[in-house]
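Take a look at the letters that make up each chain.
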There are 2 protein chains.
Amino acid sequence: MRMSANLSPEVLALLKDPKLLIPAIAQDAHTGEVLMLAYMNQESLALTIETGRATYWSRSRNELWEKGATSGNTQGVVSISVDCDGDSILLKVNQHGPACHTGEQSCFHRVIPTPSHKGA
Amino acid sequence: MRMSANLSPEVLALLKDPKLLIPAIAQDAHTGEVLMLAYMNQESLALTIETGRATYWSRSRNELWEKGATSGNTQGVVSISVDCDGDSILLKVNQHGPACHTGEQSCFHRVIPTPSHKGA
């Protein structure tokens, strides 16, 4: 994929360091389930805003990665927010199909057993 | 704070690289709201499991940080899960008081305006 997009000065001003990769959380807009965490650079965030389709930066492939471009399991963006110190992003999405490459709905399907003080 | 805790071999085996800092998402166990993203090292994850209180690694202060230790806005851990490739963590928590130091319930309160293809 070769596309080009730029962030507006208003959006740039929300980011702590626009040169760094930013962790982006994808949350199902309807169920509230946290689906995955991936990374964005400036261009992927700009493309996400422009196209309405969640687009990340693949650290393993070193390239832009429109989620679902090959699998069909796309994420339509409902809202995008930036945290208080501008170094992480939350996307609320319409998730089409499972978010995880394993076929699970969410990537966070491996639970760590915890002692009985749960919810203290 | 000086405490010591170790991860079990079973938990270590879930992590892609236990030597790296891992982004950890805190989600309100009741409302589903995504509250914040912070980082964990091995010791903070071990303490979180052991104590049932969300404990992170502060990158700015370079120290263990039990969420709410000074503010009182603690996070009681309901569940902990690891994503499919072992490089991010999701905590479901009982959030006491606001999660954000600004007084907002969630750190993700700054919305980026998006065009009208929302939810495509």
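Residues numbered from 1 in each chain as written. Chains lettered and ligands numbered in written order. Predicted model: local features only at pLDDT ≥ 70, side-chain atom pairs only at ≥ 80, totals over all residues. Heavy atoms only, no water.

- Naming follows an unreviewed UniProt entry, where chain A appears as Histidine biosynthesis bifunctional protein HisIE of freshwater metagenome.
- In its Catalytic activity (unreviewed entry) section, UniProt records this for chain A: "1-(5-phospho-beta-D-ribosyl)-5'-AMP + H2O = 1-(5-phospho-beta-D-ribosyl)-5-[(5-phospho-beta-D-ribosylamino)methylideneamino]imidazole-4-carboxamide".
- According to the UniProt record, the Pathway (unreviewed entry) comment for chain A reads "Amino-acid biosynthesis; L-histidine biosynthesis; L-histidine from 5-phospho-alpha-D-ribose 1-diphosphate: step 3/9." (UniProt positions renumbered as here; feature names shortened; annotations may be inferred.)

### Observations regarding the sheet that holds strand 7 (residues 110-112) of chain A
So, point 1. Reading across the sheet, the five strands line up as 7(A)-5(B)-6(B)-1(B)-2(B) and stay open at both edges, with mixed pairing between neighbours. At either end of the open sheet lies a strand with only one pairing partner, and these are strand 7 of chain A together with strand 2 (34-40) of chain B. Averaged over all pairs of adjacent strands, the angle between their axes in this sheet comes to 30°, without regard to strand direction.
So, point 2. Helix 2 (residues 42-51) of chain B rests against strand 7 of chain A together with strand 2, strand 5 (75-82) and strand 6 (89-95) of chain B of the sheet, and its axis sits at about 125° to strand 2 of chain B. (Pairing = 2+ DSSP bridges. Helix = DSSP H or I, 4+ residues; strand = E, 2+ residues; numbered from the N terminus. Axes fitted to C-alpha atoms, helices over the stretch in contact; angles between N-to-C directions. Contact = heavy atoms within 4.5 Å.)

### Observations regarding the UniProt feature "domain: Phosphoribosyl-AMP cyclohydrolase" (unreviewed entry) in chain A
So, point 1. The sites that UniProt annotates as "domain: Phosphoribosyl-AMP cyclohydrolase" (unreviewed entry) are residues 36-109 of chain A.
So, point 2. Here residues 36-109 of chain A is 14% helix and 38% strand, with 10 Å between the C-alpha atoms at its ends.

### Some words on the packing of aromatic side chains
Residues and elements named next belong to chain A.
So, point 1. Overall, the coordinates contain two aromatic pairs over all chains when judged by the stated rule.
So, point 2. Both rings, one in Tyr56 and one in Trp65, keep their centres 5.3 Å apart while their planes meet at 45°; by these two values the pair is tilted.
So, point 3. Exposure remark for Trp65: the relative accessible area of 25% places this residue in the partly exposed category. (Phe/Tyr/Trp six-rings, centres within 6.5 Å; stacked < 30°, edge-to-face > 60°. Buried < 20%, exposed > 50% of the residue type's maximum accessible area, 1.4 Å probe, protein only.)

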